[in-house]
Amino acid sequence: MKRLKLKAIALALFITAGFVSCNNDDDTPFFTTKKTLVSLVTGPTTGKVNQELTLNVTFAVDNNCGAFNKFIETTTDKTTVIEVEAKYEGSNCGATVVNKTTTYKFKATTVGTYILKFKKSATEFVTQTIVITTAP
């Protein structure tokens with residue numbers, strides 16, 4: 001009799017654990033990232049050492065669920081290639097391409113001419129040249 005009670009309790013615990021471990025994935029938002037292309041960059045072309053400059057970067061996302069995620073930078077000397085990564089969250093997003101704008105912060109610690117190349121296509125860039133001079 002004692003053994004039967006232990007088996008019944010073990011079975012009940014096993015079934016309860018099965019129900020508790022089930023996760024309703026419908027509550028979890030769908031999230032993915034994708035590199036996207038830049039169409040326009042505006043902002044200052046001169047600055048001072050250690051001065052933060054703000055550039056406005058316009059990029060396209062595939063649909064209404066797209067938003068800015070992060071910049072991916074590759075720097076060689078004073079030239080930086082910059083790609084925009086967009087994130088897509090949701091499922092009922094439509095199929096219309098949407099332009100979004102975000103800000104890119106740039107700060108140089110030395111004097112010189114800096115070239116920022118924002119990826120426009122596989123082989124083309126929107127280039128922003130910034131001349132940095134000494135602080136007053």
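As the structure is a prediction and not an experimental result, all values here were calculated from the model.

## Some words on the state of the cysteines
A covalent bond between the sulfur atoms of two cysteines is referred to as a disulfide.
No. 1: Taken as a whole and judged by the stated rule, the model has one disulfide.
No. 2: One disulfide bridge connects Cys 65 with Cys 93, the sulfur atoms lying 1.7 Å from each other. Taking the sign of the S-S torsion, about -90° here, the bridge from Cys 65 to Cys 93 comes out left-handed. With Cys 65 in the loop between β4 (53-61) and β5 (66-76) and Cys 93 in the loop between β6 (79-89) and β7 (98-106), this residue pair connects regions lying 28 residues apart in the sequence. Exposure class is identical for Cys 65 and Cys 93. Each is buried.

## Section: the side chain of Thr 102
No. 1: Relative to the helices and strands, Thr 102 resides in strand β7.
No. 2: You can call Thr 102 buried: its relative accessible area is 16%.
No. 3: Once you skip the residues sitting within four places of it in the chain, Thr 102 turns out to touch Leu 55, Asn 56, Val 57, Phe 59, Phe 68 and Phe 71.

## Thoughts on the nonpolar core
No. 1: Judged by nonpolar contacts, the single largest core of 22 residues is most densely connected at Val 57, Tyr 104, Phe 106, Leu 116, Phe 118 and Ile 132.
No. 2: Sorting the residues of this core by element identifies β2 (38-42), β4, β6, β7, β8 (112-119) and β9 (125-133) as the ones contributing at least two each.
No. 3: No other element matches the five residues that β4 contributes to this core.
No. 4: Leu 116 has contacts with Leu 55, Thr 80, Ile 82, Tyr 104, Phe 106, Val 126, Thr 127, Gln 128 and Ile 130, leaving out every residue within four places of it along the chain.

## Overview of the sheet that holds β4
No. 1: Strands sit in the order β2-β4-β7 across an open sheet of three strands; the sheet is antiparallel. Unpaired on one side and paired on the other, β2 and β7 mark the two borders of the sheet. Averaged over all pairs of adjacent strands, the angle between their axes in this sheet comes to 20°, without regard to strand direction.
No. 2: Two elements, β4 and β7, share nine bridges in a ladder whose sense is antiparallel. Each residue of the ladder has a partner; that of Leu 55, found in β7, is Tyr 104.

## Concerning the packing of aromatic side chains
No. 1: Inspection of every chain in the model, using the stated rule, returns five aromatic pairs.
No. 2: Between Phe 68 and Phe 71 the ring centres are 4.8 Å apart and the planes differ by 55°, which places this aromatic pair in the tilted class.
No. 3: By relative accessible area, which is 26% here, Phe 68 ends up partly exposed.
No. 4: Ring centres of Phe 71 and Tyr 104 lie 4.9 Å apart, and the angle between their planes is 85°; on these two criteria the pair is classed as edge-to-face. In this pair, Phe 71 sits in strand β5 while Tyr 104 sits in strand β7, placing the two residues 33 residues apart along the sequence.

## Thoughts on the confidence of the model for the protein chain
Segments scoring low in pLDDT should not have their predicted coordinates read at a detailed level.
No. 1: Summing up the model confidence of the protein chain, the mean pLDDT is 87 and the portion of residues at 70 or higher is 77%.
No. 2: Between the elements of the protein chain, mean pLDDT differs from a low of 61, seen in helix α1 (residues 2-21), to a high of 98, seen in β8.

## Side note on unusual backbone geometry
No. 1: Phi is positive for Asn 50, close to 65°, though the residue is something other than glycine.
No. 2: As for its placement among the helices and strands, Asn 50 is situated in the loop between β3 (46-48) and β4.

## Digging into the pairing of β5
No. 1: Pairing between β5 and β6: 10 bridges, direction antiparallel. Across the sheet, residue Gly 66 finds its bridge partner in β6, namely Tyr 88.
No. 2: A loop of two residues connects β5 with β6, the two strands running antiparallel in sequence, and Asp 77 in this loop sits at a positive phi of about 55°.

The rules behind these values
- Residues numbered from 1 in each chain as written.
- Predicted model: local features only at pLDDT ≥ 70, side-chain atom pairs only at ≥ 80, totals over all residues.
- Heavy atoms only, no water.
- Disulfide = S-S within 2.5 Å.
- Helix = DSSP H or I, 4+ residues; strand = E, 2+ residues; numbered from the N terminus.
- Buried < 20%, exposed > 50% of the residue type's maximum accessible area, 1.4 Å probe, protein only.
- Contact = heavy atoms within 4.5 Å.
- Core = buried A, V, L, I, M, F, W, Y, C linked by side-chain atoms within 4.5 Å.
- Pairing = 2+ DSSP bridges.
- Axes fitted to C-alpha atoms, helices over the stretch in contact; angles between N-to-C directions.
- Phe/Tyr/Trp six-rings, centres within 6.5 Å; stacked < 30°, edge-to-face > 60°.
- pLDDT = per-residue confidence, 0-100.

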